Structures are given as C-alpha cells and as structure tokens.
Amino acid sequence: MSLKRQSARMKPPKIRIFRVKPTNMSVDQDPIVSSEPSPTSHLEVPPQNSRRVSIVESIHGHDNYGFESPRSRKVSANSDHAEIGPVRKKSILHNAHPVENVTLSGNSDSGRQINGDVRAKKNSVTESVHSKTRFSDMGDNEEDNRSWWYAFCMKCRQKETHPSWQPPHWSKICPYPFCPTYRQFSRMIALVLIGTLSWCILYSIVGETAAPGGHLFQLILLAICAHFGGWLMSLTTLPALIGMLFTGVLFQNVGIVNIDASFNHITGELRQIALVIILIRAGLDLDPSALKRLKFAVVKLGLVPWVAEAALVAVLCRFFLDLPWDYAWLLSSIVAAVSPAVVVPCLFRLRSRGYGVAKGIPTLIIAISGIDDAVSVAVFGIIKSIMFSNDSLTFQILQGPISVVGGIGFGFLWGLICNYAPERHDPFMVPLRILLLLIGGMVSVFGSELIGYGGAGPLGCVAAAFVSIYFWSKHGWEIEDNPAGTAFEIFWMIFEPILFSITGAQVKLDELDPHIVSIGLGILIASAVVRMVVTAVLGIGCKLNLKEKSFVAIALMSKATVQAALGPFTLGIARPNTLEYEYADKVLMVCVLSIILTAPTGAILITLLGPRLLTKTKFPEVPEGWRRSHRPSIRDISIIDEEEERDENIEASVSTTISQKDTSKSEN
C-alpha cells in the first residue's frame, strides 16, 4: 500500500514530443526532441503509430526521463541527462560543472554541457574514422612535426585536387610526408621514360651532338638541372631564378658542362627568343585603364629614376672600370631595367593579405617595371646598332628616332592584325591569337636585327602586345587573367631555366678579377641608393605617404630578366683576346653581379618591409584582372568558350528531359 502511495506522489510529469520532419538531414542526425513538460500535456493524446527506433540508434540513445526507475538504479558516470525525477544523487567526485568539449581539430563544441539539456553534437561514422586517423597520426608524428625535416617535407608537398589512388601497401613502404605519393612517383617515372626515349630518338636523328659531351646534350642537362635548382630555391620563398643562375655557375666551374665560344650562336638565338617572351609579357601586363589613371605617376616614378640610374652607372663605369663611353652607356641601359619576375610574385603575396590595395600600389609597380623593360631594351638596341654600324654619322644620329617610330608603328599595325585576323567567335581563336602574337614578336626582334635597326624590334614587340590586349579586353578578356597571358607564362617557364643557366655558365670563377668585382658591387650599390632616393623624392604629389614611397623605391631595385638576356650579348659578338672582349666580359660580370645582389635582396625586403610600410585592407578582395595564385599549366588554355559549351550542354539536357516526358505522356 505504501508503495502505491509513494508511486502516486512521485508520478513524473508528462513530456511533449515534437516530431520535426527532417530537411536535407544526413544519416547521422536526429530530429530535435524537447524534454520540457507541456502546459497542456494532459489534453494531448499520444499518436497511435509511433516511430520505431532502430537498434543502431541505441548508440546515440537518451535517457527517458518519464521512466519510473527503482531506488536501486545506478546512474552511469557517462550519463548526460538532467536530474529530473527521483534519481539517485551522483557522487561528489562527479564533475558537475560545464566542461568545454575540445575536438581533435582544436575547435570547441560549445553545444555540449555536462548535466545540461543541450543535445550533444553527433559525428558521422566517416567523421569519427577520420578523427581517429588524425589523432593517431598526430601522436605518431608529434616529434617529426617539430623537426626541420618534417617541415621541409611538408613544404615540398603540393595540394592535390583529387585523391590519389595508391597500391594497398604503398603507405607502409613510403610513409607520408617523407616520401612522395604514388601519383607523384608515377608522374616522375612517366617523365623519366618520356625524356629518356625522346633523347634516344634525338640521338638517332642528329648523332654526336646529342651524345654525352655534345652541345645539345649539355644544354638539355643544364636546363633540366637548373629547373630543379630553381625549385629548391623557391622553397625558401626566394626567386627561383637565383637557383637557376647558381646552377649554371656551379656546373660550369665544376666541369659538368663547358659552355665556351662554340655555343655563342645557339645561346644567342635562345636569348633572343627569351627576350621576345619577356617583352610580350611586359606588354600584356600593361593595363590601359591603369596607365590612363596613373600616367603621371608612371612617367615620374619610372622614366626619371631610370634616367638617373643609367646616367650614374655610365659615369661610374667610365671612370672606375675604364670602359669607353659606348660600352658604359650600353651597360647602364641594361642595369637600369627592373625585373617583373622578382617583383610580381612578392607583390602577389602581399596583395593576397590586403597590403597596398587601397591606393593601387601593386598595379603602379607592375606598370613601372613593364615600362622600364621596354625602355631599357629599346635604348640598348639603339646603342648597339650605333656601336656596330659602319654607316655615316648622320645616319647613326637618325637611327634612334627612326627605330622608335618604326617600332611603335609596327607594333600598332600588328596589334590591329591580331584583333581582326581570327574572328572573335572562331573556335580556334585562342591558339591563333597566341601564335600570331608570338610570331609577330619574333619577326619584330629578328627582323630589326637583320635590317640594322635593333632598337625598333623590342619597341614593336611591346607595342604589339599592348595594342592586342587593349582590343581583346574590349571583347571580354581580362587584362592579366587571359589565355594569352597564361600561354606566355608557360613559355617563360620553359625558357627561364635556359636563360639563367646559360648566363650563369658563362661566369668562370678562376678568371674573375677581385678588383673588378669589388668596383662593380660598389657601382651597383651606389646606383640602387640613388634610384631609391630619386623615386622617393619624385613620389611627392602621387598621393603616397612616406612609407609607401619608400616601399615603391625598394621594390624597383630588383634586377634579373633583362640583365640575363642582354648581358652576354656583346661577349658573343667580340672576338677573344681583344680589347673589346675584355670590355664585354666586364659588362657581363656587372650584369651577373646585379642579379646576384639585387634579386634576393629585393625579394627579401619586399616580403619583410611590405607589412610594415603598406596599409592593410581589412577585407582584401582580389580585383578583376589580378594574377592568379597557382602556377599556370597548359590546361588553363582552351580553344573554346567553356562557359558557352556548358550552357549548351545544360540546354540540351533540359530539352532531352522535356521530350522524354512528352513522349511518356503521349504513350500513357
């Protein structure tokens, strides 16, 4: 009797269950159940057909607070239900305070509380397996994660877009991340097989030139190893061209290759092709709207500091290196050029973090570097044509203006041809435009050399690229993210190791004069300081503060591409054991020193001083036309409009579906 009275007094409150229809709910999610008593619970009638619960769901089961349990019922230490009803009090050793549940990834799950009414977040089976895997990996590699070798291996890793298939025991034989994935390993095997068999075919065609020790074999070996050396240097966030240059110096002085005077003809032609690619990329990087908006700033900060640096280098080389005035001005026109290959990657890293965006500083620096390259190569061509010309003095004086007018005129005409020749809706428009621009640039450079107007070719190359991208942008192409820009970036990836490795291979350490090296370093340091000061002073009136002026001045001190392309030119023309050969050797030495001194220094200073000198935008947005972050590949180039093709496929699938429905209705 007493038991019935006690059960009547301790009758638990009724609960109200809300059944929510799940919408887009995964397998591991449950509908929300409220454990609060309803004020009208005595009027509610429970449904007759209640939902049957699977046995599997007992893993995530909950305590039924309406169940009348005996006094002897034990409460599990892992139970999370609230103390509702006549349950036994828990031990004082039980942690009754809310504890933050820290997940394996470091994020806190604020939804779960001990003894609270908030449901705990449930993980699916897949998430649980991955969590256990990450936890085990974290425990096994805790010491490796702190080692420099582990960090280096992680740095070498590339982000894979799709999961890699691998044999069953590959992870045990080649543990991650110390060994390559099966995809990378198989890719290297395929490339080795292709390269080896291609060399065998080439050897069967050309003979001893492709044999070990031959000219072609040495160039191929030097280019491949230079690419690998550039990749190693890029892991340190320094420009890859530094590693390529040092690879050439190392291979030449160790004796692996011997790039002597017999290579002058082929290396000269390779440099000319590389120069065409450099100039076309400089023209494609010029934004017409940015030039219109920043025309005064580009002229002031680009041309005037260029003239100041070139004049100072010419005077110092004339009196300290004993160079004649023609060689001194020739060298100064090369040294004064700025390298976009060093500046642009560093600017992109700063741009992605929001530095210098508000005032368009990255756009300004890229425009200045492109103008500098064009002016340097044009002045170099004019001086070179005058130096090696046998015409009269009057003709030599008129050669400069004729080269400027002729080069710009040819570039404008070729840009119009590239705009109208492939019709804009032609399915082969993209490759035709790329080939036309490449062929036009090569005709401009090689043709101007043939007729004796060397300064016209570089100007025509830059002008053709600029006029072409101006018209193409009106048809929907972006300035810096377009198929032509991507194609020439790929061409540059091929010729960059060739250019810098050949330039480095022409430096022989045993023939260096320490006196000339020290004087050359002093001239380069003095010219860089003067250029930075002039740039900072001329920045007045450009709406830049003192820190931003200093950053622009520092960013424009880097030199690499034009110096590597034009520095060895006179050495290939001059005869050995002559006075002109000594002058050409000094020109090459100063150009190589300018790359070694300013390229890594400029990259480091831009990376370190950018966050301190530039204003950061809180929410950086990548504007249209900014350079992509990933390395370009041949897959980025398409001969068709992918968006248009995708729309056509969607329309075709929709029409097919509608026709099938109509057919089924008519049959019924």
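In this report, the structure presented in the accompanying data block is examined. (Residues numbered from 1 in each chain as written. Predicted model: local features only at pLDDT ≥ 70, side-chain atom pairs only at ≥ 80, totals over all residues. Heavy atoms only, no water.)

## Here we look at the overall build of the chain
- Along its length, the chain carries 23 helices and two strands.
- Here the chain holds 668 residues, and the buried ones make up 38% of them.
- In the chain, the proportion of contacts linking residues at least 24 apart, taken out of those at least 6 apart, comes to 74%. (Helix = DSSP H or I, 4+ residues; strand = E, 2+ residues; numbered from the N terminus. Buried < 20%, exposed > 50% of the residue type's maximum accessible area, 1.4 Å probe, protein only. Contact = heavy atoms within 4.5 Å.)

## Let's talk about a negative patch on the surface
- Taken together, the side chains of Asp510, Glu511, Glu582 and Asp585 present a region of like negative charge at the surface.
- Summarising the element assignment, Glu511 is placed in the loop between helix H17 (483-505) and helix H18 (514-538).
- Look at Glu511 and you get exposed, because its relative accessible area is 57%. (Patch = residues over 30% accessible without salt bridge, like charges linked within 9 Å, V, L, I, M, F, W, Y side chains within 5 Å. Areas by Shrake-Rupley, 256 points an atom, 1.4 Å probe, with all protein chains shown as cover. Salt bridge = Lys/Arg side-chain N within 4 Å of Asp/Glu carboxyl O. Lys, Arg positive; Asp, Glu negative; His and termini not counted. Charge placed at Lys NZ, Arg CZ, Asp CG, Glu CD.)

## Comments concerning the nonpolar core
- Of all hydrophobic cores here, the largest spans 119 residues; its most connected members are Ile365, Phe500, Phe551 and Ile595.
- With 14 residues, the top contributor of residues to this core is helix H22 (residues 579-613).
- Excluding anything up to four places from it in sequence, Ile365 contacts Val343, Leu347, Phe551, Val552, Ala555 and Leu556. (Core = buried A, V, L, I, M, F, W, Y, C linked by side-chain atoms within 4.5 Å.)

## A look at the pattern of salt bridges
- Throughout the structure, instances matching the rule amount to five salt bridges.
- For Glu309, the salt bridge identified is with Arg531, shortest N-O distance 2.8 Å. A residue pair is termed long-range when its members are at least 10 positions apart, and Glu309 in helix H10 (residues 295-320) and Arg531 in helix H18 qualify at 222 residues. Each member of the pair, Glu309 as well as Arg531, is classed as buried.
- Across the salt bridge formed by Arg531 and Asp372, the nearest N and O atoms sit 2.4 Å from each other. Here Asp372 lies in helix H13 (residues 361-387) and Arg531 lies in helix H18, a separation of 159 residues in the sequence.

## Some remarks on H10
- With 26 residues, H10 ought to run about 38 Å at 1.5 Å a step, and its terminal C-alpha atoms sit 37 Å apart, in line with that.
- Those residues of H10 not exposed but buried are Ala297, Val298, Leu301, Gly302, Pro305, Trp306, Glu309, Ala310, Val313, Ala314, Leu316 and Cys317.
- Where H10 is buried, its residues touch helix H9 (288-293), helix H11 (325-335), H13, H18 and helix H19 (546-555).
- Positive backbone phi, approximately 60°, marks Asp322, located one or two places after H10. (Expected span 1.5 Å × (residues − 1).)

## Quick notes on unusual backbone geometry
- Backbone geometry at Asp322 places phi at a positive 60°, although glycine is not the residue there.
- Note that Asp322 resides in the loop between H10 and H11.
- Classification of Asp322 as exposed rests on a relative accessible area of 52%.
- A positive phi angle, close to 60°, is found at Asn577, a residue other than glycine.
- Residue placement: Asn577 occurs in the loop between helix H21 (569-573) and H22.

## Digging into H13
- Over its 27 residues, H13 runs 38 Å from end to end, which matches the ideal 39 Å to within 8%, given 1.5 Å per residue.
- With 22 of 27 residues buried, H13 is to be regarded as a mostly interior element.

## Side note on the side chain of Thr503
- Secondary-structure assignment places Thr503 in helix H17.
- Leaving out residues up to four positions away in the same chain, Thr503 has contacts with Leu245, Arg271, Ala564, Pro568, Leu588 and Val592.

## Focus: a nonpolar patch on the surface
- Together, Val315, Phe319, Phe320, Trp325 and Trp329 make up an exposed nonpolar region whose accessible area comes to about 540 Å².
- Among the secondary structure elements, those contributing two or more residues to the nonpolar patch are H10 and H11.
- Residue position: Phe320 is located in helix H10.

On their own, these measurements won't tell you what the molecule is for.
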